[in-house]
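Next come the chains, spelled out residue by residue.
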Amino acid sequence: MSSPNVTNAPVAGFENISPGSEEEFIINVGRRIYFEQGSAVVTDEARVTIENQARWLKSNKKWLVKVQGHADDQGSEAAQKTLSTRRADAVMAELAKLGVGKNRMWVKGYGVERPVTDCAEVTCKSQNRRVVVNLREEFDESAPQAKR
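Below, the structure is looked at part by part.

**Some remarks on the pattern of salt bridges**
Next, step 1: All told, the structure shown has six salt bridges when counted by the stated rule.
Next, step 2: As a salt-bridge pair, Arg129 and Asp72 come within 2.7 Å of each other at their nearest N and O atoms. In this pair, Arg129 sits in the loop between helix H4 (122-125) and strand E4 (130-136) while Asp72 sits in the loop between strand E2 (64-69) and helix H3 (77-97), placing the two residues 57 residues apart along the sequence. Side by side, Arg129 and Asp72 carry an identical accessibility label, which is buried.

Right under this line is the structure:
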């Protein structure tokens, strides 16, 4: 009796990832960029992800991009909202430098409103110091382009 070859079997729910789809972006490119505590400086490691995102976004122009900044719970709520917005601005600036049209992108800083995890350990909290590049089909109310 032999074991089934499941190593290369499609993952349930991801059997039919089509080129240019949101699933392809999430799985093959990655949408999260992480930051050091208290910083909005894009690291070399983060830049690799952003370069992959820019390459994909330039090939898939139908998508709009909401760049969402997040922070951990160090400092006041206002300071964390400002920091999360600065992080999102930094990622958007990098994407724009790499050729993604600014007219397709907008930022929203959430501060500590949307934690990935709620924990006290430094390694755990670091997951909240992030920017998430989300694909959108239309501008939402947070986009300056929606107010025109």
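More follows now that the structure is in view.
**Quick word on the pairing of strand E3 (residues 105-109)**
Next, step 1: For E3, a buried count of four out of five residues is recorded, marking the element as mostly surrounded by other parts of the structure.
Next, step 2: Taken together, the five bridges between E2 and E3 define a ladder with parallel strand orientation. Paired with Gly69 across the two strands is Gly109, which belongs to E3.
Next, step 3: In the classification by handedness, the crossover that spans E2, the intervening H3 and the parallel E3 is right-handed.

**What about the layout of surface pockets?**
Next, step 1: Here the largest pocket is characterised by a volume of approximately 220 Å³.
Next, step 2: Lining the largest pocket, in full, are Arg32, Ile33, Tyr34, Phe35, Glu36, Thr43, Glu45, Ala46, Thr49, Ser126 and Arg129.
Next, step 3: Listed by contribution, the elements that provide at least two residues to the lining of the largest pocket are strand E1 (32-34) and helix H2 (44-59).
Next, step 4: Its residues assigned to classes, the lining of the largest pocket comprises four nonpolar, three polar and four charged.

**What about the packing of aromatic side chains?**
Next, step 1: A full pass over the atoms with the stated rule returns two aromatic pairs.
Next, step 2: The interplanar angle of 50° and the centroid separation of 4.9 Å between the aromatic rings of Phe25 and Trp56 together place this pair among those described as tilted. Placement of the pair is Phe25 in helix H1 (residues 22-29) and Trp56 in helix H2, with a sequence separation of 31 residues. Summarising the burial analysis for this pair, Phe25 and Trp56 share the class buried.
Next, step 3: Above the ring of Tyr110, the side-chain terminus of Lys108 is found at 5.5 Å from the ring centroid.

**Points about the environment of Arg104**
Next, step 1: Position of Arg104 among the secondary structure elements: in the loop between H3 and E3.
Next, step 2: Arg104 gets classed as buried once you look at its relative accessible area, which sits at 11%.
Next, step 3: Along the chain, Arg104 and Lys66 lie 38 residues apart, while their C-alpha atoms are 8.5 Å from each other.
Next, step 4: Each residue touching Arg104, except ones within four places of it in the same chain, is listed here: Leu57, Lys58, Asn60, Lys61, Trp63, Leu64, Val65, Phe139 and Gln145.

**Things to note about H1**
Next, step 1: Within H1 the residues assigned to the buried category are Glu24, Phe25 and Val29. All buried residues of H1 project into a common sector of 100° when viewed along the axis, lining one side.
Next, step 2: Elements that come into contact with the buried residues of H1 comprise H2 and E4.
Next, step 3: Positioned one or two residues after H1, Gly30 has a phi angle of 100°, which is positive.

About the cut-offs
Note that residues are indexed from 1 along each chain, following the sequence as it is written. For this predicted model, a pLDDT threshold of at least 70 governs which residues receive local features, and a threshold of 80 or more governs which side-chain atom pairs are given and counted, while totals over whole chains, interfaces and linings are taken from all residues. Hydrogens and water are ignored here; the side-chain numbers use all heavy atoms of the structure. Counted as salt bridges are all cases of a side-chain nitrogen of Lys or Arg within 4 Å of a carboxyl oxygen of Asp or Glu. Secondary structure elements follow DSSP: runs of H or I no shorter than four residues count as helices, runs of E no shorter than two count as strands, and numbering proceeds from the N terminus. Accessibility here uses a 1.4 Å probe with only protein chains present; expressed as a share of the type maximum, an area under 20% marks a residue as buried, one over 50% as exposed, and anything in between as partly exposed. Strand pairing is assigned whenever DSSP detects at least two bridges linking the two strands. Here is how to tell: hold the view so the strands point away, follow the path from the first strand over the helix to the second, and if it runs clockwise the crossover is right-handed. As defined here, a cavity is a set of points on a 1 Å grid over the protein atoms alone where a 1.4 Å probe fits but cannot get out. A pocket is an open set with protein on both sides within 12 Å along at least five of seven lines, and residues line them when an atom is within 4 Å of a point. Grid points are joined across faces, edges and corners, and a volume is the space filled by probe spheres set on the points. Throughout this entry, Asp, Glu, Lys and Arg are counted as charged residues, while Ala, Val, Leu, Ile, Met, Phe, Trp, Tyr, Cys and Pro are counted as nonpolar. The remaining residues, Gly among them, count as polar. Side-chain rings of Phe, Tyr and Trp (the six-membered ring for Trp) are treated as a pair once their centres are within 6.5 Å; stacked means planes under 30 degrees apart, edge-to-face means over 60, and tilted covers the remaining angles. Working rule: Lys NZ or Arg CZ, within 6 Å of ring centre, within 35 degrees of ring normal, means a charge sits over the ring. Should any heavy atoms of two residues lie within 4.5 Å, those residues are counted as being in contact. Working definition: the arc comes from the directions between the helix axis and the C-beta atoms, pointing outward to the latter.

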